[in-house]
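An overview of the molecular structure
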Amino acid sequence: MSGSHAQQNLYTQLEQIHSRYEGTGHPDTTREEWLTNIHRDSIASYIGHGSQVDWFAIAEGISPSRARFNLLQKMHNPCDSTIVNSTATIQQQHNIENHKTSEQKQKRAKIANESGGQNHNSVDGAHAE
């Protein structure tokens, strides 16, 4: 029975941790939630260490107060949809490029069939010989 009690105690502790700290994650955590939590934790660490904020300010050419403000603003939405959905975006771009390539091949084949294989590369329209 002590094994069952220990397991229940562990489960209760995990529930308390998850309710207290939003970013602890669980098996149902999505990729977007996980990335958001990681970015927020990183930004909070940067803000908490003044020297990090100073480095960002120097790199961006702004005051440390403005750098801190920008970091606080970024905590609202730390992950752009382009970062989170980068895999999906890359796949969509690949599909679009493949579609364009197949359309171009079809157009070239149609032009070749219509011309009957004649050479239309001359400037004045006369056939090259």
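Residues numbered from 1 in each chain as written. Predicted model: local features only at pLDDT ≥ 70, side-chain atom pairs only at ≥ 80, totals over all residues. Heavy atoms only, no water.

Comments concerning the overall build of the protein
Filter applied, for reference: The helix and strand labels rest on DSSP assignments: H or I over at least four residues marks a helix, E over at least two residues marks a strand, and numbering proceeds from the N terminus. Burial classes follow relative accessibility: with a 1.4 Å probe on protein chains only, a residue under 20% of its type's maximum area counts as buried, one over 50% as exposed, and anything between as partly exposed. Between two residues, a contact is recorded if the distance between any of their heavy atoms is within 4.5 Å. Residue exposure ignores everything except the shown protein chains as possible cover, and the areas themselves are Shrake-Rupley values with a 1.4 Å probe.
The secondary structure content of the protein amounts to six helices and zero strands. N-terminal to C-terminal, the α/β element order of the protein is α-α-α-α-α-α. By the burial criterion, 9% of the 129 residues in the protein qualify as buried. Here the analysis covers contacts within the protein between residues at least 6 apart in sequence; of these, 44% occur between residues at least 24 apart. With an accessible surface of roughly 10,800 Å², the protein has 53% of that area assigned to carbon and sulfur atoms.

Let's talk about the packing of aromatic side chains
Stated precisely, the cut-off is as follows: Pairing of aromatic side chains here covers Phe, Tyr and the six-membered ring of Trp, requires ring centres within 6.5 Å, and sorts the geometry by plane angle: under 30 degrees stacked, over 60 edge-to-face, intermediate tilted.
For the coordinates displayed, the defined rule picks out one aromatic pair. With a centroid separation of 5.1 Å and an interplanar angle of 70°, the aromatic rings of Tyr46 and Phe56 are classed as edge-to-face. In this pair, Tyr46 sits in helix α2 (residues 31–48) while Phe56 sits in helix α3 (residues 50–60), placing the two residues ten residues apart along the sequence.

Concerning α2
We count it as follows: In this analysis, the expected span of each helix is defined as 1.5 Å times one less than the number of residues it contains.
Here α2 contains 18 residues, and its C-alpha end-to-end distance of 26 Å stays within 8% of the 26 Å for a straight helix at 1.5 Å per residue. Buried within α2 we find Leu35, Thr36, Asn37 and Ile43.

Overview of the side chain of Thr36
Position of Thr36 relative to the elements: it lies in helix α2. According to the relative accessible area criterion, Thr36 is buried, its value standing at 15%. In contact with Thr36, not counting residues within four places along its chain, are Pro78 and Cys79.

A few points about the packing of α2 against α3
Short version of the rule: An axis is simply a line fitted to the C-alpha atoms; with a helix, the fit covers only the stretch in contact. Between two such axes, the angle follows the N-to-C directions and lies from 0 to 180 degrees. For classification purposes, angles smaller than 35 degrees are called roughly parallel, those larger than 145 roughly antiparallel, those between 65 and 115 roughly perpendicular, and all remaining angles oblique. Under the scheme applied here, ten amino acids are nonpolar (Ala, Val, Leu, Ile, Met, Phe, Trp, Tyr, Cys and Pro), four are charged (Asp, Glu, Lys and Arg), and all others, including Gly, are polar.
Axis separation between α2 and α3 bottoms out at 5 Å; the angle between their running directions is 95°. In terms of orientation, α2 lies roughly perpendicular with respect to α3. Facing Tyr46, Ile47 and Gly48 of α2, the residues of α3 in contact are Gly50, Gln52, Val53 and Phe56. Across the contact of α2 with α3, the residue classes tally to four nonpolar, three polar and no charged.

Remarks on a nonpolar patch on the surface
So the rule is basically this: Within this analysis, patches are made of residues with over 30% relative accessible area and no salt bridge. Like charges are joined at 9 Å or less; nonpolar side chains (Val, Leu, Ile, Met, Phe, Trp, Tyr) at 5 Å or less. Any carboxyl oxygen of Asp or Glu that lies within 4 Å of a side-chain nitrogen of Lys or Arg is treated as forming a salt bridge with it.
The grouping of Leu10, Leu14, Ile17 and Tyr21 at the surface amounts to a nonpolar patch, some 380 Å² of accessible area in total. With respect to the element layout, Leu10 can be found in helix α1 (residues 2–20).

Focus on the confidence of the model for the protein
Heads up, the condition is: Confidence scores here are pLDDT values: one per residue, from the predictor, ranging 0 to 100.
Across the protein, the average pLDDT comes to 76, with 70% of residues at 70 or higher. Per-element confidence in the protein ranges from a low mean pLDDT of 49 for helix α5 (residues 81–84) to a high of 94 for α3. Note on residues 82–87: pLDDT is under 50 here. Beyond four places in sequence and across chains, it has six contacts.

A closer look at the nonpolar core
So the rule is basically this: What is meant by a nonpolar core is a set of buried Ala, Val, Leu, Ile, Met, Phe, Trp, Tyr and Cys residues, joined one to another through side-chain atoms within 4.5 Å.
Listed in full, the five residues of the largest apolar core are Ile43, Val53, Ala57, Ala67 and Leu71. Listed by contribution, the elements that provide at least two residues to this core are α3 and α4 (64–76).

Brief notes about the packing of α2 against α4
The condition that has to hold: Each crossing is labelled by how the near helix is turned from the far one, with a counterclockwise turn of less than a right angle marking it left-handed and a clockwise turn marking it right-handed.
Where α2 meets α4, the closest approach of the two axes is 10 Å, and the angle between their N-to-C directions is 160°. The pairing of α2 with α4 is recorded here as roughly antiparallel in orientation. In the packing of α2 onto α4, the handedness of the crossing is left-handed. Contacts between α2 and α4 involve Arg40, Ile43, Ala44, Tyr46 and Ile47 from the former and Arg68, Leu71, Leu72, Lys74, Met75 and His76 from the latter. The residue inventory of the contact of α2 with α4, partitioned by class, reads seven nonpolar, one polar and three charged.

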